[in-house]
Amino acid sequence: MSNQVKILFNFHSDIFDEQMVETVWADEIDKGKGLYKIDNIPFYIPLVASEDIVIAEFDETEQMLTYRKTYEYSGRTVVQVVIMDKTTRTNTIRDIFFELGCESEKANEGYFSMEIPVDLNYKPIKKELDRMENAEIIGYAEPTISDKHRAEGYN
C-alpha cells in the first residue's frame, strides 16, 4: 500500500506568461531517495505527466514537498484543451477523446487536461484535435509530448 502525498510544482507558464503553482497527488516510491510517482493529470504544469517518477523534497519556504526534477518519464503525453465554442459542453469533448482511449480531468466548464497513454497511437487523436481546432470548437496546447507520440503525431 503506497502513501499518497501532495507535491508542489512552482513553474513559469508560457501560456499565461507568469509564475504559477500547482499541486498534484503522488504515491511515495522511496521517501529516503525522494522518489514519488505522479498520480493525477496536471492541469497546467509543463513537461510532467501522470505515472512520471519525480524527485521531491520538503521545502522550508513552501512548507511542503516540492518538485525538484523528473527522475523517470512515463511516456504519456498531456494535452490542455480550451473550449472555444461556448455552445459545446466540456464533457461532450472529453467523451469524444475518452472513446479514443484518453483519460482527462476537468478543471472547470471550458477547460480540461487529458493524457494519451504511452501505448496508444497519437495520430488519430492529433487528427481529431486539429479537426476541432480548425472548426473553432477548441484550442489546445501540448505542454508534455513524449518522443513516441511526437513521432506518431507529426509524420
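The text that follows walks through the structure, step by step, so that each part is easy to find. (Residues numbered from 1 in each chain as written. Predicted model: local features only at pLDDT ≥ 70, side-chain atom pairs only at ≥ 80, totals over all residues. Heavy atoms only, no water.)

1. Describing the side chain of aspartate 52
Part 1: Following the sequence through the fold, aspartate 52 ends up in the loop between strand E3 (35-38) and strand E4 (53-59).
Part 2: No salt bridge forms around the buried aspartate 52; measuring N to O, its nearest opposite-charge neighbour arginine 76 is 7.2 Å away.
Part 3: Contact partners of aspartate 52, with chain neighbours within four places excluded, come to Tyr36, Lys37, Ile38, Leu47, Thr70, Glu72, Tyr73 and Ser74. (Helix = DSSP H or I, 4+ residues; strand = E, 2+ residues; numbered from the N terminus. Buried < 20%, exposed > 50% of the residue type's maximum accessible area, 1.4 Å probe, protein only. Lys, Arg positive; Asp, Glu negative; His and termini not counted. Salt bridge = Lys/Arg side-chain N within 4 Å of Asp/Glu carboxyl O. Contact = heavy atoms within 4.5 Å.)

2. Things to note about helix H2 (residues 123-134)
Part 1: Between its terminal C-alpha atoms H2 stretches 16 Å, which fits the 16 Å expected from twelve residues at 1.5 Å a residue.
Part 2: Ile125, Lys126, Glu128, Leu129 and Met132 are the residues of H2 that are buried. Buried residues in H2, looked at end-on, bunch into an arc of 160°, giving them a common side. Opposite the packed face of H2, turned more than 90 degrees from it, sit the exposed residues Lys127 and Asn134.
Part 3: Just beyond H2, the residue with positive phi is glutamate 136, at close to 60°. (Expected span 1.5 Å × (residues − 1). Arc of directions from axis to C-beta.)

3. Quick word on the nonpolar core
Part 1: Of all hydrophobic cores here, the largest spans 17 residues; its most connected members are Leu129 and Ile138.
Part 2: Put simply, the parts of the chain that give this core at least two residues each are strand E6 (77-83), helix H1 (90-99), strand E8 (111-116), H2 and strand E9 (138-144).
Part 3: Filtering out sequence-adjacent residues up to four positions away, isoleucine 138 remains in contact with Val81, Val82, Ile83, Met84, Ile93, Leu129, Met132 and Glu133.
Part 4: If you look at the next biggest cluster of nonpolar residues, it comprises 14 residues, including Phe11, Ile38, Val48 and Val54. (Core = buried A, V, L, I, M, F, W, Y, C linked by side-chain atoms within 4.5 Å.)

4. Topic: the packing of aromatic side chains
Part 1: Inspection of every chain in the model, using the stated rule, returns three aromatic pairs.
Part 2: Ring geometry for phenylalanine 43 and tyrosine 44: centres 6.4 Å apart, planes at 50°, overall tilted.
Part 3: Owing to a relative accessible area of 19%, phenylalanine 43 belongs among the buried residues under this scheme.
Part 4: Its relative accessible area of 25% is what places tyrosine 44 among the partly exposed residues.
Part 5: Each residue in the set Phe43, Tyr44 and Tyr111 is aromatic and connected to the rest through ring pairs, giving one cluster. (Phe/Tyr/Trp six-rings, centres within 6.5 Å; stacked < 30°, edge-to-face > 60°.)

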